[in-house]
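Structural description and commentary
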Amino acid sequence: MSETLAAGLSAIVGDPARVITAPAVVERLSKDFYWYSPILKRQLQAKHGDIAVQPVSVDEVLAIARFAGEHRVPLTVRGAGTGNYGQCIPLQGGIVLDLALMDKLEAITEDGVAVCQPGLRLAMLETEARSKGWELRMYPSTIAKASVGGFLAGGSGGIGSVAHGGLRDFDTVRAFEVVTMEDEPRVVLHEGAGVHEILHAWGTNGILTRIWFALTPAVEWTQFTAAFDTYDEAFLFAKTIAESSAWTKRLVTVFEWPIPSFFKPVKQIVAQDKTLVLIMIASAQADALNSAAVAAKGEVTFTGGYTGPRTQPLLSDYTWNHTTLWAMKADPTWTYLQAGFSPTNCMEQFRLLRERYGKEILFHIEFMKNGEGVVIPGAIPLVYFTGEERLNEMIAYCREIGVFIANPHVNYLEDAGRYRADNIQLKAKQKYDPRGLLNPGKMIGFQTERHGE
């Protein structure tokens, strides 16, 4: 089959170098950071596409979609492969559509909207935007590698979400053009509320080809860390900063000990046996934050400017899901959950989890604003993995005590991500991919529907 696919795709793109058949390269382009989960590692390590193709234009994407449809070949879209759920891993072989070469920044409008192709790296956009007085509203800790299209298809928030919410909120994603997988593929513009048909659906119901992504005015930032004797002291200080509109912040993170001990390259900011708070604060408020931390019994361990993604040290490299990576480097038995604690009852939730699981769970808090404008203690807690049954019990108990969990140990939208309760993503797949060829197996509702279950 690969020879037939290679011949057909080569005729479409006119450049054999952009049709990839080498098994090792196809394998690499078929994978993401799924191995963060010991469960997904076992389930997905043998999965890969049969061939990969790298289009450079919308016309090529349309032609590839038409070719895949005519031959009933699965088509799985790849951004930069920085996701953690196996979002871009083909479950049924077929074609990997690698959008890395569609990486143009077309414009930054006067009102601060980036118009770009999906393969544009977020670090490049942040750098260019800041040169024009703008910056990203939010970005993942994988900013150096992650693409805009991959972030929209598989991400939900990150550095900046404490001020600007997630990708779904506050019209951050203004619009995008999407290639469909209908009998005759076409380009469909989604704008306003229409973006939610496709947003964070892992490329299961459309192929992003052009994006309008809202920015925010650039701020001069200072990176700041402070150590506290107890988790409660650190958390309550960070909560005060995160929730108060008086502070201009881009990141507010809390790392329970021993998580800071995993950050070997920046060991100078770590204090032994102490909880670490990391904040990106407007430089104009850095002195005031220093005073507030000392008044709250914190020991300031670092202050330093942020000049863009190449800042050294870039402390966002230790936040969000990069925290999990550093823990796994120290001990591969660590894995993680994605959680949301109650802004009013979180201390009791922490107590119950500590009482039941001890240091089997370590608290790593990322404050973020939800769509209603409420700042909540989002979290990516570390979990010491002793088996799937124990992990599932922990997830069930979290939900029982009111802790929201997006389960990063399953490979389908309905439980792993921000699946919409109104089924708008499923309805879009029914409409735009009726044959189920886009990233098949990742939307359980569609699979169930097709098999009459």
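Summary of the structure given here. (Residues numbered from 1 in each chain as written. Predicted model: local features only at pLDDT ≥ 70, side-chain atom pairs only at ≥ 80, totals over all residues. Heavy atoms only, no water.)

**Concerning helix H5 (residues 122-131)**
All of the buried residues along H5 are Leu122, Ala123, Leu125, Glu126 and Ala129. Each buried residue of H5 sits inside an arc of 160° when the element is viewed along its axis, so together they form one side. The exposed set on the far side of H5, more than 90 degrees from its buried face, consists of Met124 and Ser131. Looking one or two residues beyond H5, the residue adopting positive phi is glycine 133, at roughly 90°. (Buried < 20%, exposed > 50% of the residue type's maximum accessible area, 1.4 Å probe, protein only. Helix = DSSP H or I, 4+ residues; strand = E, 2+ residues; numbered from the N terminus. Arc of directions from axis to C-beta.)

**Examining unusual backbone geometry**
Most peptide bonds adopt trans geometry, and most residues besides glycine take a negative phi value. With omega at 15°, the peptide bond leading from tryptophan 257 into proline 258 counts as cis. Summarising the element assignment, proline 258 is placed in the loop between strand E12 (249-255) and strand E13 (275-282). For the peptide bond that leads from glutamine 312 to proline 313, omega is -10°, which places it in the cis range. Positive phi values are uncommon outside glycine, yet tryptophan 202 reaches one of about 60°. Residue position: tryptophan 202 is located in the loop between strand E9 (187-191) and strand E10 (207-217). A relative accessible area of 3% means that tryptophan 202 is categorised as buried.

**Overview of the layout of surface pockets**
Considering only enclosed or pocket space, the second largest pocket measures out at about 220 Å³ in volume. Around the second largest pocket sit 21 residues that line it, and Val162, Ala163, Trp247, Thr248 and Lys249 are the ones nearest its centre. Elements with a contribution of two residues or more to the lining of the second largest pocket: strand E7 (134-136), helix H7 (161-164), E10, helix H8 (231-243) and E12. Considering each element in turn, the lining of the second largest pocket owes the most residues, three residues, to H7. Of the residues contributing to the lining of the second largest pocket, the split by class is nine nonpolar, six polar and six charged. (1 Å grid on protein atoms, 1.4 Å probe; cavity = no way out; pocket = protein on both sides within 12 Å on 5 of 7 lines; lining within 4 Å. Points joined across faces, edges and corners; volume = space filled by probe spheres on them. Nonpolar A, V, L, I, M, F, W, Y, C, P; charged D, E, K, R; others polar.)

**Description of the sheet that holds strand E16 (residues 338-340)**
With antiparallel pairing, the eight strands of this open sheet are ordered in space as E14-E11-E13-E12-E18-E19-E16-E21. The sheet is open, and its two borders are formed by strand E14 (299-306) and strand E21 (404-406), each paired with just one other strand. Here the average twist between neighbouring strands, direction ignored, is 20°. (Pairing = 2+ DSSP bridges. Axes fitted to C-alpha atoms, helices over the stretch in contact; angles between N-to-C directions.)

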